[in-house]
Amino acid sequence: MSQKVLLVFLNTVFSLTVVSQSFQISDQMVYGGDSYDGIENVVRALDGGYYMFCNSGSGQTGNKTVSNWGGGDYWLIKTDSLFQNEWQISFGSEADELVTKMLIDSNSNLYLCGSSYGGISGNKTVDTYGETDFWIIKTDPLGNEIWQKSYGGTENDTFRDGLIVDNKLFLIGGSNSGESGIKTGFNRGNTDYWLICADTAGNVVWDKTYGGTELDAAYRMSIDNSGDYLYVFGVSTSNISYEKTEDCYGSTDYWILKVSIETGDLIGDVTIGSEGHDICWMGPNILFLEDYLYLLGSSYGDATGLKTENSRGMNDYWLVKLNTNLDFIWDKTIGGNGQDDASSLLANQNKILIAGQSDSDAGFEKTEDNYFNYKDIWFVLIDTSGNILSDKTIGSDMPDMRTNLYKDDSGIIVGSSIFDSYVSGDFDADVYGDYDAWIFRLTGVWTSLSELNNDDKVTIYPNPAHSFVNIKLEDSKISIVNLYKVSGKCILSQESTGPLSIDVSTLASGVYIIKILHERNIDRKILIVN
């Protein structure tokens, strides 16, 4: 086949297949015991492995090697680069703990952040101030405890997010406590935003309360490029009162604050919403990219208020872009015909990946059916103007729950929870209990099929191929080659220390993707088999 004919063929393929078909799953692993175990956070370790921070209600069963202290515990798992277990540790009281976020500092110390309902019991050595407190544990890179602290007032204080900036801890959550415990501000309404600044020894530097007269629930925060301001993102049912300067558009809206990182003083706030219900029960997310804020949640509202598009189904992903002065730039509604709940987003240069949970079949922005009428993970890739580049549905024949994303040089690490499943759909691992922690690597996200063959330092020939295809790199040795169908399923994995020849004589005619992992990088090429 001539190069011209090949290009025509590839253009035809691209017009008939979505870009999301370059998404590829690898290195799947499940962790769990005989009860509920769900992953909340993943970070890269200094040795190239990973730390997984999980909720766990299981005892020492399945592949969980540590005991349960009470209800739900903090469960920290250290893995190698392929998610194989190296060690585990659990923290908990005789009551329930709720895992939320893990932070890592420049010395690779970990901060395990969440909420606790329990007093001194189990291996919890600090009491609660009220019914629920923030509970933060600092460990060294091997999981050995350095200190633990409770932060709260006399009522309910629930941790949501944290940041480490210039050797300071910033902790955000919701509080309905008054001035009590370590809380210095009075309660405005039902629940308020509560922001704490502490040093890396856990000592409080200052705390601030923000709210209106109704319910205001903080979920996420981010820092701008200058390092001078924090942006706090949550939802609100309050009208103008106290720190809230704008009325709600509907029953629940987004509420965003800009605060000084030095003092916590409020610089500005904005309310964004429709006349419907704008929230995310899985927790909204916030991304700061190139001096703009991207706010991700879910909406069940038509084009009213600041929302410019009607709902597609029940809930849709709803993404809003603001500048650093909190001025509205644009919004984007993304959904199918069912319920779509957004949970995470991350960026790579000028592309943004959104992840969440969907039970929608193909329709509107969703291009693929879900598996067996249950909720699956739904990825959507957009550019910074809100244009959809691709989407991909990944899941099993059972519900696949809340999804968290972490990006490194090996791809995107996806942490999710899977319900009582079996090998089906994209899921190919053992399960242990009702809910297990499911982790896998996702590659091929940022590069579309039409961009895959641009690296002239990687040569594959002949292409199209009939019997064999040869792979050669100019400046490094090949280490691992994976061959994928365009659906994302890996059908071959082969190691090599030099130029490689692969037998493709048994493959059906069509388009395949070759992923080459080598010393210099990870490259992908399109292969045509005829």
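Refer to the structure presented above.
Residues numbered from 1 in each chain as written. Predicted model: local features only at pLDDT ≥ 70, side-chain atom pairs only at ≥ 80, totals over all residues. Heavy atoms only, no water.

**Q** What am I meant to see in the nonpolar core here?
**A** In globular proteins that are soluble, nonpolar side chains generally tend to be buried together. Core analysis: the biggest nonpolar cluster contains 21 residues, and Leu353, Phe379, Ile412 and Leu442 have the highest contact counts within it. Among the elements of the structure, β1 (24-31), β24 (351-358), β25 (376-383), β28 (411-419) and β29 (435-443) are those that each provide at least two residues to this core. Among all residues touching Phe379, those that are not within four sequence positions of it are Phe23, Leu353, Ile354, Ala355, Ser390, Asp391, Lys392, Ile394, Leu405, Val414 and Leu442. Core analysis: the next-biggest nonpolar cluster, separate from the first, contains 17 residues, Tyr193, Tyr210, Ala218 and Val232 among them. (Core = buried A, V, L, I, M, F, W, Y, C linked by side-chain atoms within 4.5 Å. Buried < 20%, exposed > 50% of the residue type's maximum accessible area, 1.4 Å probe, protein only. Helix = DSSP H or I, 4+ residues; strand = E, 2+ residues; numbered from the N terminus. Contact = heavy atoms within 4.5 Å.)

**Q** So what exactly am I meant to see when it comes to the sheet that holds strand β17 (residues 266-272) here?
**A** Two orientations exist for strands paired in a sheet by backbone hydrogen bonds: parallel and antiparallel. The 4 strands are arranged β14-β15-β16-β17 in an open sheet whose pairing can be described as antiparallel. Looking at strand neighbours, the two that pair on one side only are β14 (216-223) and β17, the edges of this open sheet. Neighbour to neighbour, the strand axes of the sheet diverge by 20 degrees on average, direction disregarded. Bridge analysis of strand β16 (residues 253-260) against β17 gives 6 bridges, and the strand direction is antiparallel. In the strand pairing of β17, Leu257 is matched with Asp269. (Pairing = 2+ DSSP bridges. Axes fitted to C-alpha atoms, helices over the stretch in contact; angles between N-to-C directions.)

**Q** Help me understand the sheet that holds strand β8 (residues 133-139) in this model?
**A** Read across the sheet, 4 strands follow the order β6-β7-β8-β9 without closing on themselves; strand pairing throughout is antiparallel. A strand with exactly one partner marks an edge of an open sheet, and here the two such strands are β6 (97-104) and β9 (145-151). Across the sheet, the mean angle separating the axes of adjacent strands is 20 degrees when strand polarity is ignored. Here 7 bridges tie strand β7 (residues 110-116) to β8, and the two strands are oriented antiparallel to one another. Among the inter-strand pairings, Tyr111 is bridged to a residue of β8, identified as Lys138.

**Q** Would you mind showing me how to read the pairing of β24 here?
**A** Each regular strand displays side chains that alternate between the two surfaces of the sheet. Counted residue by residue, β24 has 8 buried out of 8 residues, so it is predominantly covered. Burial of β24 is two-sided: the residues Lys351, Leu353, Ala355 and Gln357 facing one way and the residues Ile352, Ile354, Gly356 and Ser358 facing the other way are all buried. Taken together, the 8 bridges between strand β23 (residues 340-348) and β24 define a ladder with antiparallel strand orientation. Within β24, the residue paired with Asn348 across the bridge is Lys351.

**Q** Teacher, can you tell me more about the environment of Tyr300 here?
**A** The residue Tyr300 is located in strand β20 (residues 292-300) in this model. On the basis of relative accessible area, Tyr300 is assigned to the partly exposed category, the value being 42%. Expressed as a C-alpha distance, the spacing of Tyr300 and Tyr317, which sit 17 residues apart in the sequence, is 9.2 Å. For Tyr300, the residues in contact, after removing those within four places along its chain, are Gly276, His277, Asp278, Ser311, Gly313, Met314 and Asn315.

**Q** Which parts of the structure should I look at to understand unusual backbone geometry?
**A** Leave glycine aside and you will find that most residues have negative phi; peptide bonds, for their part, are mostly trans. That bond from Tyr461 to Pro462 is cis: its omega, -10 degrees, falls within 30 degrees of zero. Inspection of the secondary structure puts Pro462 in the loop between β30 (458-461) and β31 (468-473). Of note, the phi angle at Ser108 is positive, near 65 degrees, even though the residue is not glycine. Locating Ser108 in the fold gives a position in the loop between β6 and β7.

**Q** For this particular structure, what's the right way to read the pattern of salt bridges?
**A** Pairing of side chains with opposite charge becomes possible as their charged atoms draw close. What the rule picks out here adds up to 11 salt bridges. With a shortest N-O distance of 3.1 Å, Lys78 and Asp47 are connected by a salt bridge. In this pair, Lys78 sits in strand β4 (residues 73-79) while Asp47 sits in the loop between β2 (37-44) and β3 (50-56), placing the two residues 31 residues apart along the sequence. Lys78 gets classed as buried once you look at its relative accessible area, which sits at 3%. Residue Asp47 is classed as exposed on the basis of its relative accessible area of 55%. Its salt-bridge partner being Glu243, residue Arg188 comes within 2.8 Å of it at the nearest N-O pair. (Salt bridge = Lys/Arg side-chain N within 4 Å of Asp/Glu carboxyl O.)

**Q** Is there a simple way to explain the packing of aromatic side chains in this structure?
**A** Describing an aromatic ring pair means giving the distance of the ring centres and the angle of the ring planes. For the structure on display, the rule yields 19 aromatic pairs. Plain terms: the ring middles of Phe53 and Tyr74 are 5.3 Å apart, the flat faces sit at 90 degrees to each other, and that makes the pair edge-to-face. Placement of the pair is Phe53 in strand β3 and Tyr74 in strand β4, with a sequence separation of 21 residues. Given a relative accessible area of 0%, Phe53 falls into the buried group. Members of the aromatic cluster, each reached through a chain of ring pairs, are Phe53, Tyr74 and Trp135. The residue whose ring lies beneath Lys366 is Trp378, and the NZ or CZ to ring-centre distance is 5.9 Å. (Phe/Tyr/Trp six-rings, centres within 6.5 Å; stacked < 30°, edge-to-face > 60°. Lys NZ or Arg CZ within 6 Å of the ring centre and 35° of its normal.)

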